[in-house]
Amino acid sequence: MRRLTAAILLILALSLLAPAVFAQEERGEFGVFADFTRFNNLNNQNFWGAGGNLGFNLSKHVQLEGTMAYDFERNFVSGGSTTLGTIGSFQNTRFRILDGYFGPKFQTGIGPVKGFIAVKPGFMNFGITNQGVATGFVTSVSNVPSGDTHFSLFPSGGLEFFFHHNIGLRVEAGDTMYWQSRFTTSAGNTVSGGVNHNLTVRFGPQIRW
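Residues numbered from 1 in each chain as written. Predicted model: local features only at pLDDT ≥ 70, side-chain atom pairs only at ≥ 80, totals over all residues. Heavy atoms only, no water.

Draft legend 1. Broad picture of the overall build of the protein. Scanning the protein from N- to C-terminus turns up 2 helices and 12 strands. When contacts within the protein are restricted to residue pairs at least 6 apart in sequence, those whose partners lie at least 24 apart make up 62%. With an accessible surface of roughly 12,100 Å², the protein has 66% of that area assigned to carbon and sulfur atoms. (Helix = DSSP H or I, 4+ residues; strand = E, 2+ residues; numbered from the N terminus. Contact = heavy atoms within 4.5 Å. Areas by Shrake-Rupley, 256 points an atom, 1.4 Å probe, with all protein chains shown as cover.)

Structure below.
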């Protein structure tokens, strides 16, 4: 009888402790990042922006992760030749990029340093506007269903370094791929359809929770 009572008490104790044990396990990660995109279809112009990511652990080695980034409009110098030599003009493209992805992320495990690879489908949306950053972002998000939006795929890989148990730094590089149809620009140039490849690098703080 005493053994049975002891066994029942042990089971009850383990049942009470189980939620506390599981609560200590990592459920996912959240981060913000600076975003760099070298855009192939605009003469390899470099765009900078910001974004965020949120991931949920399915296991120690697999996460489901969503990301979104917004690259700001930028200025660039275009050159030309005259009898006086080469001259340049300062132009504002007013061209902005919004992208979002959701899919699996495969990682080496949970520890202070880990590598990961991911292949996430999503979208890329392009807009031309002189609105401010906040207003331009809201407008871009609103235009995703009906604006200049393309199917996109983001294969990437990177490293995460956690200096503290729950706070670290993430570095990621990948190929932002998007598909488009063949079209003719306002200047009369024909752009072939198919897949476009664009180098993307992201880095910023990461928090486990």
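From this point, things continue past the structure.
Draft legend 2. Local environment of empty space enclosed by the protein. Enumeration over the complete set of coordinates arrives at 1 cavity of 30 Å³ or more. If you trace the largest cavity, you find it lined by Gly 31, Val 32, Phe 33, Asn 53, Arg 170, Glu 172, Arg 202, Phe 203, Gly 204, Pro 205 and Gln 206. The leading source of residues in the lining of the largest cavity is strand β12 (residues 194-208), at 5 residues. (1 Å grid on protein atoms, 1.4 Å probe; cavity = no way out; pocket = protein on both sides within 12 Å on 5 of 7 lines; lining within 4 Å. Points joined across faces, edges and corners; volume = space filled by probe spheres on them.)

Draft legend 3. Quick peek at the environment of Leu 54. Tracing the sequence through the fold places Leu 54 in strand β2 (residues 45-57). For Leu 54, a relative accessible area of 37% puts it in the partly exposed group. Distance from Leu 54 to Thr 67, taken between C-alpha atoms, is 6.6 Å for residues 13 residues apart in sequence. For Leu 54, the contacting residues outside a window of four places in its chain are Glu 29, Phe 30, Leu 64, Glu 65, Gly 66 and Trp 209. (Buried < 20%, exposed > 50% of the residue type's maximum accessible area, 1.4 Å probe, protein only.)

Draft legend 4. Quick look at the pattern of salt bridges. In the structure shown here, the tally under the stated rule is 11 salt bridges. Salt-bridge contacts for Glu 160 lead to Lys 114; the nearest nitrogen and oxygen are separated by 3.5 Å. With Glu 160 in strand β8 (residues 148-162) and Lys 114 in strand β7 (residues 113-128), the pair connects residues that are 46 residues apart, well separated along the chain. Both residues of the pair, Glu 160 and Lys 114, count as buried. (Salt bridge = Lys/Arg side-chain N within 4 Å of Asp/Glu carboxyl O.)

Draft legend 5. Layout of the sheet that holds strand β9 (residues 167-180). Strand order in the closed barrel made by the 8 strands is β1-β2-β3-β6-β7-β8-β9-β12, with antiparallel pairing throughout. For this sheet, the mean inter-axis angle between neighbouring strands, taken without regard to orientation, is 25°. Here β9 pairs with β12 via 14 bridges, running antiparallel. Each bridged residue has a counterpart across the sheet, and for Val 171 the counterpart in β12 is Phe 203. (Pairing = 2+ DSSP bridges. Axes fitted to C-alpha atoms, helices over the stretch in contact; angles between N-to-C directions.)

Everything listed is a geometric property; what it means functionally is a separate question.
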